[in-house]
Amino acid sequence: MSILMDLATPIVMGILLGGLYSLIALGLSLIFGVVKEINIAHGDLVILGSYFGFVGLTFAGIDPMLSLICGLPVFFGIGYGIQRYLLNRAFRISMDATLIIAFGISIILQNTYQLIWTPLSRGLTTSYSVESFSAGPIYVPLVYLLDLIVAIVVMIFLREFLKRTYMGVAIRAAAQDWKAAQLMGIDTNRIYAYTFGIATAIAAIAGVFLGLTFPFTPLSGMSFLIIALGVVILGGMGSIAGTLVAGIAFGLAQTIGGYFFGVSAQMLVAYTMVLVVLAIIPRGIFGR
Amino acid sequence: MNGNTILKVNHIDVFHGSFQALWDVSLSVNEGEITAIIGANGSGKSTLMETISGLLHPSAGTIEFEGKDISGLQPFEILDLGISLLPEGGRIFPDLSVLENLKIGSYNPKARSEYTRNLQRVYQLFPVLEVMRARLAKSLSGGEKQMLALGRSLMSNPKLMLLDEMSLGLAPILVNDLYKALREIRARGITILFVEQNVRRSLVEADSAYIMETGRIVLSGHVDDLREEAKVQKAYFGT
Amino acid sequence: MKTAMIKSQKGFLLLITVGVVLALFPVIGAPRLWLLYLFIFFIYLSLANMWNLLAGYSGLISLCPAAFIGLAGYTMTLLTWVGCPYYIGMILGSLAAAFFALIISFPVFRMKGIYFAIGTLVVPEILRYVFIMWVPVGRPLYGGGGGYPIKGVSQVSPALTYWLALAIALISTLLMRFILRSKLGTGLAAIRDNDITAACSGVNVFKLKLVSFVIAAFISGIAGAVFYVYQGYIEPSSAFSIQWLVIIMLATVIGGEGTEEGPILGTLVVVFLYFSLASYAEISLIIQGIILVIIMLLAPQGIIGFLRKIRN
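Residues numbered from 1 in each chain as written. Chains lettered and ligands numbered in written order. Predicted model: local features only at pLDDT ≥ 70, side-chain atom pairs only at ≥ 80, totals over all residues.

Draft legend 1. How the structure looks around the overall build of chain A. For chain A, the count of helices and strands is 11 helices and two strands. Listing each helix as α and each strand as β along chain A from the N terminus yields α-α-α-α-β-β-α-α-α-α-α-α-α. The C-alpha radius of gyration computed for chain A amounts to 19 Å, which stays within 12% of the reference 19 Å derived for 288 residues, consistent with globular compactness. The C-alpha extent of chain A, read off along each of the three principal axes, is 60 × 45 × 35 Å. Classification of the 288 residues of chain A by burial places 58% in the buried group. (Helix = DSSP H or I, 4+ residues; strand = E, 2+ residues; numbered from the N terminus. Rg over C-alpha atoms; globule rule 2.2 N^0.38 Å. Buried ≥ 20, exposed ≤ 12 C-beta atoms within 10 Å, placed from the backbone.)

Draft legend 2. Examining the sheet that holds strand S2 (residues 19–30) of chain B more closely. All names here are of chain B. Pairing is antiparallel across the open sheet formed by four strands, whose spatial order is S2-S1-S4-S5. Of all strands in the sheet, those with a lone pairing partner are S2 and strand S5 (68–69), marking the two edges. Judged from the two bridges that link them, strand S4 (residues 60–65) and S5 form a sheet pairing that is antiparallel. Across the sheet, residue Glu64 finds its bridge partner in S5, namely Asp69. (Pairing = 2+ DSSP bridges.)

Draft legend 3. Spatial organisation of the packing of helix H3 (residues 65–81) of chain C against helix H5 (residues 114–133) of chain C. Residues and elements named next belong to chain C. Running from N to C, H3 and H5 cross one another at 25°; their axes reach a closest spacing of 8 Å. Classified by the angle their axes make, H3 and H5 are roughly parallel. For the pair H3 and H5, the contacting residues are Ala66, Ala67, Gly70, Leu71 and Tyr74 in the first and Val123, Pro124, Leu127 and Phe131 in the second. Class assignment for the residues of the contact of H3 with H5 results in eight nonpolar, one polar and no charged. (Axes fitted to C-alpha atoms, helices over the stretch in contact; angles between N-to-C directions. Parallel < 35°, antiparallel > 145°, perpendicular 65-115°, else oblique. Contact = placed C-beta atoms within 7 Å. Nonpolar A, V, L, I, M, F, W, Y, C, P; charged D, E, K, R; others polar.)

Draft legend 4. Quick look at the domain arrangement of chain C. Residue and element names in this part refer to chain C. The domains assigned to chain C are domain 1 (30–240) and domain 2 (241–312). Taking only C-alpha atoms into account, the centre of domain 1 sits 20 Å from that of domain 2. If you look at the interface, domain 1 gives 23 residues, while domain 2 gives 21 residues. No other element matches helix H2 (residues 32–57), which puts 13 residues into the side of domain 1 that touches domain 2. Among the residues forming the side of domain 1 that touches domain 2, the class breakdown is 17 nonpolar, five polar and one charged. (Domains from an automatic or database assignment.)

Draft legend 5. Focus on the environment of Thr191 of chain B. All names here are of chain B. Take Thr191: it is sitting in strand S8 (residues 191–196). Judged by the 24 C-beta atoms lying within 10 Å of it, Thr191 falls in the buried class. On a C-alpha basis, the gap between Thr191 and Phe15 in space is 27 Å, while along the polypeptide they are 176 residues apart. Once you skip the residues sitting within four places of it in the chain, Thr191 turns out to touch Ile6, Val29, Glu31, Gly32, Glu33, Lys159 and Leu160.

Draft legend 6. Seen up close, the sheet that holds S8 of chain B. Residue and element names in this part refer to chain B. Spatially, six strands are ordered S6-S7-S8-S3-S9-S10 in an open sheet, and the strand pairing comes out mixed. With one partner strand each, in any of the chains shown, strand S6 (83–86) and strand S10 (216–222) form the two edges of the open sheet. Mean inter-strand twist for the sheet, computed between neighbouring axes without regard to direction, equals 15°. Bridge analysis of strand S3 (residues 34–39) against strand S9 (residues 208–213) gives five bridges, and the strand direction is parallel. Each residue of the ladder has a partner; that of Thr35, found in S9, is Ser208.

Draft legend 7. Here's a closer look at unusual backbone geometry. The phi dihedral of Lys36 of chain A falls on the positive side, at around 60°, and the residue is not glycine. With respect to the helices and strands, Lys36 of chain A occurs in the loop between helix H1 (2–34) and helix H2 (42–60). Look at Lys36 of chain A and you get partly exposed, because 16 C-beta atoms sit within 10 Å. Positive phi values are uncommon outside glycine, yet Asp24 of chain B reaches one of about 50°. Relative to the assigned elements, Asp24 of chain B resides in strand S2. Under the C-beta neighbour-count criterion, Asp24 of chain B is labelled partly exposed, with 13 such atoms within 10 Å.

Draft legend 8. Structural view of helix H6 (residues 166–176) of chain A. Most of H6 of chain A is tucked away: eight of the 11 residues are buried. Those residues of H6 of chain A not exposed but buried are Val169, Ala170, Ile171, Arg172, Ala173, Ala174, Ala175 and Gln176 of chain A.

Draft legend 9. Just the packing of H2 of chain C against helix H12 (residues 262–276) of chain C, in detail. Residue and element names in this part refer to chain C. Where H2 contacts H12, the two axes come as close as 9 Å, and the packing angle between them is 135°. For the element pair H2 / H12, the angle class is oblique. Of the two elements, H2 crosses H12, and the hand of that crossing is right-handed. Of the residues in H12, those in contact with Tyr37, Ile40, Phe41, Tyr44, Leu45, Ala48, Asn49 and Asn52 of H2 are Gly262, Pro263, Ile264, Gly266, Thr267, Leu268, Val270, Val271 and Phe275. Grouping the constituent residues of the contact of H2 with H12 by class yields 12 nonpolar, five polar and no charged. (Left-handed = near helix turned anticlockwise from the far one by under 90°.)

Draft legend 10. Here's a closer look at the confidence of the model for chain A. Residue and element names in this part refer to chain A. On average, residues of chain A score 89 in pLDDT, and 96% of them are at 70 or above. Averaged pLDDT values for the elements of chain A fall to 79 in strand S1 (residues 132–135) and rise to 94 in helix H8 (residues 188–213). In the predicted structure, residues 283–288 sits below a pLDDT of 50 and forms 22 contacts with residues beyond four places in sequence or in another chain. (pLDDT = per-residue confidence, 0-100.)

Draft legend 11. Highlighting the interface of chain A and chain C. Contacts between the two partners involve 31 residues from chain A and, on the opposite side, 32 residues from chain C. Elements supplying a minimum of two residues to the side of chain A that touches chain C: helix H3 (64–93), helix H4 (95–117), helix H9 (220–235) and helix H11 (266–280) of chain A. In terms of residue count, the dominant contributor to the side of chain A that touches chain C is H4 of chain A (13 residues). Of the residues belonging to the side of chain A that touches chain C, the class tally is 23 nonpolar, six polar and two charged.

Draft legend 12. Fine view of H12 of chain C. Over its 15 residues, H12 of chain C extends 21 Å from the first C-alpha to the last, a length consistent with the 21 Å expected when each residue adds 1.5 Å. Those residues of H12 of chain C lying buried are Gly262, Pro263, Ile264, Gly266, Thr267, Val270, Val271 and Tyr274 of chain C. (Expected span 1.5 Å × (residues − 1).)

Draft legend 13. Spatial organisation of the interface of chain B and chain A. Each partner contributes to the interface: chain B provides 20 residues, whereas chain A provides 15 residues. Of all the secondary structure elements, the ones that give two or more residues to the side of chain B that touches chain A are helix H2 (75–81) and helix H3 (98–105) of chain B.

Draft legend 14. Region of the structure containing the environment of Asp80 of chain B. As for its position among the elements, Asp80 of chain B is in helix H2. When neighbours within four sequence positions are excluded, Asp80 of chain B is seen to be in contact with Gly185 of chain A together with Asn108 and Lys110 of chain B.

Draft legend 15. Structural view of the pairing of S10 of chain B. Note that S9 of chain B and S10 of chain B share six bridges and pair antiparallel. Across the sheet, residue Ser208 of chain B finds its bridge partner in S10 of chain B, namely His222 of chain B.

Draft legend 16. Main features of the nonpolar core. One finds Val274 of chain A together with Tyr44 and Val226 of chain C to be the most contacted residues of the largest nonpolar core, which totals 281 residues. Residues in contact with Tyr44 of chain C, not counting those within four places in the same chain, are Ile247, Ile248, Ala251, Thr267, Val270 and Val271 of chain C. (Core = buried A, V, L, I, M, F, W, Y, C linked by C-beta atoms within 7 Å.)

Draft legend 17. Just the confidence of the model for chain C, in detail. Per-residue confidence for chain C gives a mean pLDDT of 84; residues scoring 70 or more make up 94%. Both scores are given for the predicted complex: the pTM is 0.89, the ipTM 0.88.

Written out as structure tokens, the structure is:
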């Protein structure tokens, strides 16, 4: 009985953490589902969001969530540019080319962060990022709850966008049948670029909340990318609900693994889960 | 029905990689008419359709639509000019609803402004689509899917409709319904160019026809003239 | 046919000649800096050759060279701590890397295409965490957790490490030549074009991929071990760092993936860049990334591929 009480906090933390993971993975899932690319620079784009919030906070004292308001269009533009001018062309060369170019972008980003912000670990500390709350035996940092709430809100927005707007339906159409979409008058190159832009904007949101939740370094992108990849594949490509569920699964694996094997083993548990997922589930729970 | 040439294909060669699929193909389609392209599998019919609609580009020759050279344009640009291709198998979007499929048909800004009107006309033509508008497209039967594909094509307000094997795999009753719809579409002033394997059917429905074989046009003309030839071709096609 | 054979013999002779000449450098008193440049060049060339074997010829974009390098390095290091001489440690380390490749091939080869790449991306990260946490001998020294000096290598002369590296580079290059002209090579070419067609033609896809993977692991392991003999210490973050992959990928891509001479040319360029930009640490890495992107966009076949295109 007492073990259940002890587990209560890791379980709740795991679910809330899963919210953050699913938010981080959401952009990746969108790109994977629509453009059929695995953007291995995604983790670094998320961290770009974290650094963006960091700059706003340390130089102008702007709360990171507020700085997102002007940040989102910027990130959309960055993502649009990357897909439109780099990855669209890579696509035409070969599948390997897109992987290698995304890798190149990742390297450029990581080392630019090292150059500008040094390898020191940073965090977004605001008045609320250090708050915790307790409910019964459970003791949880406030940001974790915030992460889950924001994740769900973003997902709802995304789902409505994909259902109700012409662009959203076009994106879904292009994901299902790229050739037919072209015949409907959809400029698939532009649509892919818009999708990447949206995914990058979501990555920025994820990055800000990541920064509020954890300390981060220039190389953190890789760690979160790996988990995001696991989430995307477990959740099924392009499935929003699946991403949430899979994210929570990974969050739980990490916190419960940490509970049983020690804090330093947390990431190991999560990574091993990624490998298992990759080997066993090429298509995911909700995916087609 | 004024007999103007709306589409002119001039001596095009088309390659799939290093394989030549079309050899010196020329044809012309008259405005307001129904033109058929007849041929067996592998004769290059689909390649021809894909080339006209911009999915493929000719390595030699040109394609003119309403006097304008469209051979280098992208599919969405060609759609904007008024050519809509209904590809082989229909290729409706399986995980979109019927209504969403129709909606995406009018993605083009010009068509978007006439969305409501076009939707009503599609429902008139295919009442069953209105009934099933909330259903996921993948749950439709084969015939219904083709109707949806036709309706979706119409939503883009085309001047010229290209149909690639519209009746493939469908029961004769359904095929009749589809061709009936086609006649109504023609009556609205839309020019039709369709690809068929069934010689007899084609010669009944079309005004003129082209017969293709291994990437070349081997015979063409008004259907009345061709019907005579058809008796000779019967051995060839076996239909 | 005969010209091909003559060409291959000529190439072989050229390699041997160059190898002998290079081997004489330490003896004739070449400057230490040259020896260092060449040493690094030999190590990276071996690694690039192996990456080329996988990505350029077997259709396996492997993102885990660091796993083999680090694992071999660590095995050797830990063995030296229990009294094993370094040269035996090197061999055992490479065998450990090869064995590791064998084991992970079973789950990892189930992943097709892009999933394989992701899987290989995760492996070095997992190893990094393992070696940060697992400190079986001595106490954590460098960078907190898992870093060790390597015992018994401080007396090793730079000339010896130079010759070891030269030997590995030659072996890897000759191995590539040999493989590509063998049945393995033809099978790999078929796989690279299309997995499924190859399988239908009777190629045992899994076995061939496995053979390449294990060979690559072994040679990469030796190269890594020699590097660590020279460096004298090892620690997890750099042993399993993505930096290995960056340089190797860059070298192979610049030179020309899927060509024999590509890695040689590419490694020359990369090592040259590496040393000329050495004083600009972070910027040099950014530049490497930019070059990678530009090359893939403008000349995806690398320099060799580009030259061949021009000649045709």
